[in-house]
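Architecture at a glance
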There are 2 protein chains.
Amino acid sequence: MAHHEIETTWKGKMQFNADVNGHTIVMDAPARVGGEDKGPIPKPFILTALSGCTGMDVVALLRKSGIFLSDFQMKVRGELSKQQPLEYVAIHMIYSLSGDPGHQQDVLNAITDSQEKICGVSHMLKKAMPVTWEIIYNQEIIFPNHSAERKSVAGIWH
Amino acid sequence: MAHHEIETTWKGKMQFNADVNGHTIVMDAPARVGGEDKGPIPKPFILTALSGCTGMDVVALLRKSGIFLSDFQMKVRGELSKQQPLEYVAIHMIYSLSGDPGHQQDVLNAITDSQEKICGVSHMLKKAMPVTWEIIYNQEIIFPNHSAERKSVAGIWH
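My aim in this report is to walk through the structure given alongside it, one point at a time. (Residues numbered from 1 in each chain as written. Chains lettered and ligands numbered in written order. Predicted model: local features only at pLDDT ≥ 70, side-chain atom pairs only at ≥ 80, totals over all residues. Heavy atoms only, no water.)

Considering the overall build of chain A
We apply this condition: Labels follow the DSSP assignment, with helices taken as runs of H or I lasting at least four residues and strands as runs of E lasting at least two, numbered in each case from the N terminus. Three labels apply to residues, based on accessible area from a 1.4 Å probe with only protein chains included: buried if under 20% of the type maximum, exposed if over 50%, partly exposed otherwise in between. We call two residues in contact when some of their heavy atoms are within 4.5 Å. To be clear on the numbers: accessible area is Shrake-Rupley with a 1.4 Å probe, and residue cover counts the displayed protein chains and nothing else. Here the positive residues are Lys and Arg and the negative ones are Asp and Glu; neither His nor the chain ends is included. We put the charge of a Lys on NZ, of an Arg on CZ, of an Asp on CG and of a Glu on CD.
Broken down by element type, chain A carries 4 helices and 7 strands. In sequence order, chain A lays out its α and β elements as β-β-β-α-β-β-α-α-β-β-α. Expressed along its principal axes, the backbone C-alpha trace of chain A runs to roughly 55 × 35 × 35 Å. Out of the 158 residues belonging to chain A, those deemed buried represent 55%. In chain A, 48% of the contacts between residues at least 6 apart in sequence involve partners at least 24 apart. For chain A, the computed accessible surface area is about 6800 Å², with 51% contributed by carbon and sulfur atoms. Between the averaged position of the 15 positive side-chain charges in chain A and that of its 17 negative side-chain charges there is a distance of 5 Å.

Quick word on the nonpolar core
So the rule is basically this: Here, nonpolar core refers to any group of buried Ala, Val, Leu, Ile, Met, Phe, Trp, Tyr and Cys residues whose side-chain atoms link them within 4.5 Å.
Counting 92 residues, the largest nonpolar core has Phe 72 and Leu 97 of chain A together with Phe 72 and Leu 97 of chain B as its most contacted members. Other than its neighbours up to four places away in sequence, Leu 97 of chain A contacts Val 58, Leu 69, Asp 71, Phe 72, Val 107, Ile 111, Ile 135, Ile 136, Tyr 137 and Asn 138 of chain A.

Digging into unusual backbone geometry
Residues and elements named next belong to chain A. Here Gln 84 and Pro 85 are connected by a cis peptide whose omega angle stands at -10°. Relative to the helices and strands, Pro 85 resides in the loop between β4 (71–80) and β5 (88–98). Its identity is not glycine, yet Asn 138 carries a phi of approximately 50°, on the positive side. Within the fold, Asn 138 resides in the loop between β6 (131–137) and β7 (140–143). Accessibility expressed as a relative area gives 27% for Asn 138, which makes it partly exposed.

Describing the packing of helix α1 (residues 45–64) of chain A against helix α1 (residues 45–64) of chain B
A packed helix pair is summarised by two numbers, namely the angle formed by the two axes and the spacing between the axes. Quick note on the threshold: A fitted line through C-alpha atoms serves as each axis, taken over the contacting stretch for helices, and the angle formed by two N-to-C directions is quoted from 0 to 180°. Every angle not falling under 35 degrees, over 145, or within 65 to 115 is termed oblique; those three ranges are roughly parallel, roughly antiparallel and roughly perpendicular. All residues other than Ala, Val, Leu, Ile, Met, Phe, Trp, Tyr, Cys, Pro, Asp, Glu, Lys and Arg, Gly among them, are scored as polar; the first ten of these are nonpolar and the last four charged.
Relative to each other, α1 of chain A and α1 of chain B sit at 175°, their axes nearing to 8 Å. As summarised for this structure, α1 of chain A and α1 of chain B are arranged roughly antiparallel, according to the angle between their axes. Seen from α1 of chain A, the contacting residues are Phe 45, Ile 46 and Ala 49 of chain A; seen from α1 of chain B, they are Phe 45, Ile 46 and Ala 49 of chain B. In terms of residue class, the contact of α1 of chain A with α1 of chain B is made up of 6 nonpolar, no polar and no charged.

Section: the pairing of strand β1 (residues 3–10) of chain A
Here is the rule we go by: Strands are treated as partners if at least two bridges between them are detected by DSSP.
Side chains His 4, Ile 6, Thr 8 and Trp 10 of chain A project from β1 of chain A onto a buried face, and the interleaved His 3, Glu 5, Glu 7 and Thr 9 of chain A project onto a face without burial. Sheet topology places β1 of chain A next to strand β4 (residues 71–80) of chain B; 7 bridges connect them, and they run antiparallel. Across the sheet, residue His 4 of chain A finds its bridge partner in β4 of chain B, namely Gly 78 of chain B. Pairing analysis gives 4 bridges linking β1 of chain A to strand β2 (residues 16–20) of chain A, with the strands arranged antiparallel. Within β2 of chain A, the position partnered with Thr 8 of chain A by the bridge is Ala 18 of chain A. With antiparallel pairing between neighbouring strands as the criterion, β1 of chain A and β2 of chain A make up a hairpin whose turn holds 5 residues, including Gly 12 of chain A at a positive phi of roughly 95°.

Some thoughts on the interface of chain B and chain A
Quick reminder of the rule: Values labelled buried area give the accessible surface lost by two parts on being combined, using a 1.4 Å probe and summing over both. Salt bridge, as used here: a side-chain nitrogen of Lys or Arg that lies within 4 Å of a carboxyl oxygen of Asp or Glu.
Listed by partner, the interface residues are 70 residues for chain B and 70 residues for chain A. Taking both partners together, chain B and chain A bury about 6800 Å²; carbon and sulfur atoms supply 67% of that area. When the buried surface of chain B facing chain A is broken down by residue, His 4, Met 56 and Met 124 of chain B rank first, second and third, together holding 12% of it. For the pair chain B and chain A, the interface holds 2 salt bridges.

This is the structure in structure tokens:
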């Protein structure tokens, strides 16, 4: 069965180094909980994985159509539960891209395909919580939010 | 509402740099899909987050009892779906620790508390798929597997 495997080694105090397909990723805790802040805390790697997964989808899909972006950023926000264990209960993304004005529909289609069909991280996380997104292209909101009922989550970010 | 937020910027080709609480995390794709392998692929960051979350729990819980480990490693394996979108359908962890032989029960309790009560990443992921684990302490298996019905997942790893 196909699989991914990582190996993580404790480096003293609160530092853990993960070997992820040949690259070393350092995780650490802030000083107030005994760490030295040598790397990110672990939980936001969930958000990081989501941004990388969908980001690579979008670039690859557009490239197939001969479309190249001039700029592409994503903000990913995970709302934390009020109770322990501290976990994300909703994730909202803002895609912000720049490129040829004639490619607006292609960009919208690529992000929709990634979120709804291709991105395995998004598909996994949606089994555990709502994942919503909005899209800004050339400084204009072209997709305000995925679903009206999640608008409150997006609303507080702006 | 308390939240975590990350920002990810496309750096050309398939490279994406994420800013995660002040640290830059590079993600990239292998050459066969247009990348330059400058960092890990995104999906295994899910496994990385899990290892860091539970690893920090265990070290912190043991430290509270005045217990220090001499060595601590984790392997995390994510089984990939057969169909698209490619996602993890089961996660299995092997904890491997060394320390004072008298602290075996404390180590077992700390890992159980992390997996069943404290670790938010494990709690989140369990909503989407089974997460199982086994524990090796001083080269001896002290916890063979979380649940008998998942034994097949563990079995293929050894």
